[in-house]
Amino acid sequence: MTEKKRQLITTSEIASLAGVDASTVSNWRRRFDGAFPQPVLADDEGKRPKFDRDEIIEWLRQNPQVGSKGGDARRGLRRVVELLHEGGLGSDSHADIIGRLLELITRNRRAGQLRDFLSAEAIRRSLADVSIQREQTAYPVPESLLADGVLESVYQNLVDVADPLAFYDDALFHRQNRLSDTAQSSTPALLADFLAALAQPSSSGSVLDPVAGFGTLLLSCLRTGKARTGFGVDVNQNAVEVANRRLFLANADGRVEHGDSLIGESSTGMNFELVVADPPLGMQLRGDPLSDIRWEFGIPKPSNADTAWLQRAVSRLTAGGRAIVVTTITTLFQHDKQTAQIRNEMVRRGAVEAVFTLPARLRTNTAVRLAVWVLTTPDAPARRKSVLLVDLGTDDLTAVAPDGRGIAAFRAWADNVDTPLDPSFAVAVPVTDLLAPDATLVPSRWITAPEDHLDAGGWKRQTEQSYRAATASLDPSVHLPSVAIEPSKRPANKTTVGELLKRGSVTVVRGRHIDRYDGGAGNYPILTVRDARVSRPDQEQATDRVAAGPATEAQLVLPGDVLVYPDGDRVQARVWTEPGWVIGRFMQVIRIHNDSLNPHFVAASISSPFNQRHLIEGNVRTHFDLLDFEIAVVPPEAQRAAELVSDQFGMAADRLAEAQAAVDAAKTELLTAIASGLV
């Protein structure tokens, strides 16, 4: 008798068996160290560990409670997945067969024809009938599922499922990862509920999702009473089938059809009280945009379909309807001719009600920050004179909840409730202000920081308190400069870098792409963010260099220039003192031509928290328009005093840094000596 060959599986396959994600399996290995089955193939040398499948199944049976948020439902899914795996069905097909069987069971139950048991062949014929009725792709049941009663067992395990939609969604989404079609075709539940909360309830209205994916947005709108009937369109035939199945299991009045909303019209041929859309990010516009006469606000860029989705959503509204559309945050501030024209025209004609910027990482497949546009039909006689801009931060997901501060602010504003907006995250900006050539819809550009509400006395108290706390924390050998804080007799005006540029007081030099040095005698080091962070960068150690010439010499940074550069999620500025560097990408230089401007004061103003409101966090780097940054107009002697105080603070900081380095070195030596075993 031959020994049964061991079947080895990876952690991802364990996750599939257990109905959890791979990170949960990794947690089990740490949490149950010694009890969890050991890898048959060691996970060293970069190889993925593999485990004996029978040992894993036995461990799961002995520990049914692990990682089980869904209780009996999750354990039921685990059992069904295990049966399908034993029947030779690949993991990618589990959700499909589970969904089809649940649809069959639900259809029969609603018709009062549910039987306790069907033969495997009868189940297969019934699945074919369901495909015909639901206009789905016929599903060929693998022969392996028909043998040994596998299909009947799966069916019996699904008959008693209390919530078919929740069970199907568990099977559908638990294998989701960053690159999967599932992640790209489904709006996260938190985001879907937030978008639905922005809509007005309607017991008789209809909702359209022109890029429906798996139908999550439609379901959220229908379940929360935002519409009675839902329609959807999607280019992916598999997504259409999944969406229709989910709508059916939810007993929702909706359907999704196959098509492309950007190059064709839905067969419904009607407009809707509500349009919701969460399109794929960064997609290109298919077809020739110049040949499409339906772009009411301007022809979108072929390389970015964001403004196309905005216009298509508005075009499908009934008079006074509302559209809610997700785009990337860059659509709010890009100043290319086409994007700016469409944005300004939509604002001018009253099509934009509100704009939200959302926290990062709402999606599992991207870190790109998202924006939500709340739109309505243009040119309404009673259209609003302002646009609500709301910044919901970068990391607080509770702000996106349907009962969170963002929805509360929008409802109060939309209903004209006499409640003032919290200026730290929401502001109503007049339409006339948003039509300026360089205007942006990024909320952080318009909201006010808490410091903006301090008067002169408040600033004096806050500064003195901070100074006393710093002094009390220092060693007596380290002294801070003596500072007298007095309120100004008259608040100083503020100007912007852009205004200084127009007056000729400064020149702004922007870094650009430069071909790297490939040999020759004359060359310059390229100034990067890495070099800007150190106090005395070494030209000889610079890894990027560029050949000398008229073009590169025009990009040289001069001593006394104010160097401005992104540093993480902030913008830093410093006065540069080293000659012989060429400014690199993402770097900018303010060159001062007016003796009344102190470079150190300008650098401090650029780096100040007041100007951080102009920053826009992107998925790769922080975006900002330096021309928007503000500088207080104070007398030259006050600027000089600020420079001297700053220098003294800097010297104190250097002393502390040296002391910290000495303490760290002493600690390291002590621990090393003890570790040697000789002391």
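Residues numbered from 1 in each chain as written. Predicted model: local features only at pLDDT ≥ 70, side-chain atom pairs only at ≥ 80, totals over all residues. Heavy atoms only, no water.

Draft legend 1. Quick peek at the packing of aromatic side chains. Overall, the coordinates contain eight aromatic pairs when judged by the stated rule. Centre to centre, the rings of F194 and F356 are 5.5 Å apart; their planes meet at 85°, and the pair counts as edge-to-face. On the criterion of sequence distance, the pair formed by F194 in helix α11 (residues 189-197) and F356 in strand β8 (residues 352-357) is long-range, its members being 162 residues apart. Relative accessible area serves as the criterion here: at 0%, F356 is assigned to the buried category. Here the aromatic rings of F410 and W413 are separated by 6.4 Å at their centres, their planes lie at 40°, and the arrangement is tilted. Within this pair, F410 and its partner W413 are both found in helix α16 (residues 405-414), separated by three residues, close to a single helical turn. Grouping aromatic residues by their ring pairs yields a cluster made of W28, F36, F51 and W59. When the ring centre of F425 is taken as reference, the NZ or CZ atom of R405 above it lies at 4.6 Å. (Phe/Tyr/Trp six-rings, centres within 6.5 Å; stacked < 30°, edge-to-face > 60°. Helix = DSSP H or I, 4+ residues; strand = E, 2+ residues; numbered from the N terminus. Buried < 20%, exposed > 50% of the residue type's maximum accessible area, 1.4 Å probe, protein only. Lys NZ or Arg CZ within 6 Å of the ring centre and 35° of its normal.)

Draft legend 2. Representation of the packing of α11 against helix α12 (residues 216-223) within the structure. Axis separation between α11 and α12 bottoms out at 9 Å; the angle between their running directions is 50°. In terms of orientation, α11 and α12 fall into the oblique class. Handedness of the α11/α12 crossing: right-handed. On α12, the residues that touch A192, D193, L195 and A196 of α11 are T216, L217, S220 and C221. In terms of residue class, the contact of α11 with α12 is made up of five nonpolar, two polar and one charged. (Axes fitted to C-alpha atoms, helices over the stretch in contact; angles between N-to-C directions. Parallel < 35°, antiparallel > 145°, perpendicular 65-115°, else oblique. Left-handed = near helix turned anticlockwise from the far one by under 90°. Contact = heavy atoms within 4.5 Å. Nonpolar A, V, L, I, M, F, W, Y, C, P; charged D, E, K, R; others polar.)

Draft legend 3. Structural detail: the nonpolar core. With 80 residues, the main nonpolar core has I98, L158, F194 and F356 as its most contacted residues. Residues within four places of I98 in sequence aside, it is in contact with L77, V80, L84, L158, F167 and A171. Membership of the second largest hydrophobic core comes to 39 residues, among which are A305, V325, V352 and V355. (Core = buried A, V, L, I, M, F, W, Y, C linked by side-chain atoms within 4.5 Å.)

Draft legend 4. The sheet that holds strand β3 (residues 206-209), seen in detail. The nine strands are arranged β5-β4-β3-β6-β7-β9-β8-β10-β11 in an open sheet whose pairing can be described as mixed. In the strand order of this sheet, the two ends are held by β5 (254-258) and β11 (426-430), each with one partner. The mean inter-strand angle of the sheet, taken between neighbouring strand axes irrespective of direction, is 15°. Across five bridges, strand β6 (residues 272-277) lies against strand β7 (residues 317-328) in parallel orientation. Bridged to V275 within β7 is A323. The sheet strands contacting α11 are β7, β8 and β9 (370-376), and the helix crosses β9 at an angle near 25°. Sitting on the sheet, helix α14 (residues 306-315) touches β6, β7 and β9, and the angle it makes with β7 is about 160°. (Pairing = 2+ DSSP bridges.)

Draft legend 5. Representation of the pairing of β6 in the model. In terms of burial, β6 is largely enclosed, as five of its six residues are buried. Where β3 and β6 come together, two bridges link them in parallel fashion. Residue V207 lies in a different strand from β6, and its bridge partner there is L274.

Draft legend 6. Structural detail: the sheet that holds strand β14 (residues 523-527). The strand order across the open sheet formed by four strands is β15-β14-β19-β16, and the pairing between neighbours is mixed. Pairing within the sheet leaves two strands with one partner each, and these edge strands are β15 (545-547) and β16 (556-557). Inspection of the sheet shows β16 paired to strand β19 (residues 581-583) by two bridges, in the antiparallel sense. Bridged to L556 within β19 is V582.

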